[in-house]
Amino acid sequence: MKHQYKWKAYLTLHSYSQLWLTPWGYTSTLPLDYQDMVDPVKRAIVSMRKLYGTQYQVGSTPDLLYISVGRAEDWAKGIAKIKYSYAVELRDTGTHGFVLPANQIIATAKEILAGLLTFFKEIK
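These numbers were taken from a predicted model, which means no experiment stands behind them.

1. Considerations on the nonpolar core
With 18 residues, the main nonpolar core has W20, V41, Y86 and F119 as its most contacted residues. Counting only elements with at least two residues in this core, the list comes to α1 (34–52), β4 (84–90) and α4 (105–123). Look past the residues within four positions of F119 in its chain and what remains in contact with it is A9, L11, W20, P40, V41, A44, Y84 and Y86.

If you want it as structure tokens, here you go:
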């Protein structure tokens, strides 16, 4: 890609499951730099947990969910060569599913903001 050098990270936000999903979704084989990808996320998860105690996990899509093809973070890492590529699944873990109660929306936003601030400090 012509402009790949300009991208430091690629993240998509989704609901639900409280996960930071790394490539690859289509195989259980991990990226060669998997540990480099996981370390800043672990620190971001700590920042998120400090606010309300919400537990997030980090790992590959097949390890935490199931094999899934055509994922944007796979394209971002594999084709666009963006080192830090993730799908972040926000609250909750299934109690409310895709219909998060209104009283959890602000808390979720504060959590992800804290996590993203930590994450971006870690990868600079």
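Read on, since the account is not over.
2. Some details on the pattern of salt bridges
What the rule picks out here adds up to 6 salt bridges. For D33, the salt bridge goes to K77, with nearest N and O atoms at 2.9 Å. Linking D33 in the loop between β2 (19–22) and α1 with K77 in helix α3 (residues 72–78), this pair joins segments that are 44 residues apart in sequence. Each member of the pair D33 and K77 is classed as buried. Between R43 and E122 there is a salt bridge, with the nearest N and O atoms lying 2.6 Å from each other. Separated by 79 residues along the polypeptide, R43 in helix α1 and E122 in helix α4 bring together distant segments of the chain. Using a relative accessible area of 36% as the deciding quantity, one classes E122 as partly exposed.

3. What to know about the packing of aromatic side chains
Using the criterion set out here, one finds 7 aromatic pairs in the structure. Plain terms: the ring middles of Y16 and F98 are 4.9 Å apart, the flat faces sit at 75° to each other, and that makes the pair edge-to-face. With a gap of 82 residues between them, Y16 in the loop between β1 (9–15) and β2 and F98 in the loop between β4 and α4 connect regions that are remote in the sequence. Between Y86 and F119, the ring centres sit 5.4 Å apart and the planes meet at 85°, which makes this aromatic pair edge-to-face.

4. Some remarks on α1
Along its 19 residues, α1 runs 28 Å from first to last C-alpha, staying within 8% of the 27 Å computed at 1.5 Å per residue. Along α1, the positions that sit buried rather than exposed are Y34, M37, V38, P40, V41, A44, I45, S47 and M48. Lining the buried residues of α1 we find β2, β3 (57–60), α3, β4 and α4. Positioned one or two residues after α1, G53 has a phi angle of 80°, which is positive.

5. Comments concerning unusual backbone geometry
Of the consecutive residues S15 and Y16, the connecting peptide bond is found in the cis state with omega at 10°. Each neighbour pair has its own omega, and for P23 with W24 the value is 0°, a cis peptide bond. Although it is not a glycine, K81 adopts a positive phi angle of roughly 60°. Checked against the element boundaries, K81 lands in the loop between α3 and β4. By relative accessible area, which is 52% here, K81 ends up exposed.

The rules behind each value
- Residues numbered from 1 in each chain as written.
- Predicted model: local features only at pLDDT ≥ 70, side-chain atom pairs only at ≥ 80, totals over all residues.
- Heavy atoms only, no water.
- Core = buried A, V, L, I, M, F, W, Y, C linked by side-chain atoms within 4.5 Å.
- Buried < 20%, exposed > 50% of the residue type's maximum accessible area, 1.4 Å probe, protein only.
- Helix = DSSP H or I, 4+ residues; strand = E, 2+ residues; numbered from the N terminus.
- Contact = heavy atoms within 4.5 Å.
- Salt bridge = Lys/Arg side-chain N within 4 Å of Asp/Glu carboxyl O.
- Phe/Tyr/Trp six-rings, centres within 6.5 Å; stacked < 30°, edge-to-face > 60°.
- Expected span 1.5 Å × (residues − 1).

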